[in-house]
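Structure assessment
What follows is the residue order along each chain.
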Amino acid sequence: MNIKVNNNIIALEDSNQLEMLLKKLLLQEKNGIAIAVNDEVIPKSEWGYFSLKENDEVLIIEAAQGG
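Only a predicted model underlies this, so the values are computations on that prediction, with no experimental measurement involved. (Residues numbered from 1 in each chain as written. Predicted model: local features only at pLDDT ≥ 70, side-chain atom pairs only at ≥ 80, totals over all residues. Heavy atoms only, no water.)

**Let's talk about the sheet that holds strand S4 (residues 40-41)**
The sheet built from five strands is open, its strands ordered S2-S1-S5-S3-S4 with mixed pairing. Strands with a single pairing partner mark the edges of an open sheet, and in this sheet they are strand S2 (8-11) and S4. Relative to S2, strand S1 (residues 2-5) is paired through four bridges, and the arrangement is antiparallel. In the sheet register, Ile-3 faces S2, and the bridge partner there is Ile-10. (Pairing = 2+ DSSP bridges. Helix = DSSP H or I, 4+ residues; strand = E, 2+ residues; numbered from the N terminus.)

What follows is the structure, given as structure tokens:
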């Protein structure tokens, strides 16, 4: 299954779960991350069971410190 993540196509083979995508991208342990799927923000409490579909568009934003 192919999905678009921050304008890059990513193939998910093992699972369609959002949590598996985060593991593949090595982001599952990071704090300060916001995720939207098809322009809808997904609460962190739903990441473990949120299912992705073919051609979904995922936006991952990481908070940055600084001034």
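**Considerations on unusual backbone geometry**
A positive phi angle, close to 50°, is found at Asn-38, a residue other than glycine. Within the secondary structure, Asn-38 sits in the loop between strand S3 (33-37) and S4. Residue classification places Asn-38 among the partly exposed residues on the basis of a relative accessible area of 42%. (Buried < 20%, exposed > 50% of the residue type's maximum accessible area, 1.4 Å probe, protein only.)

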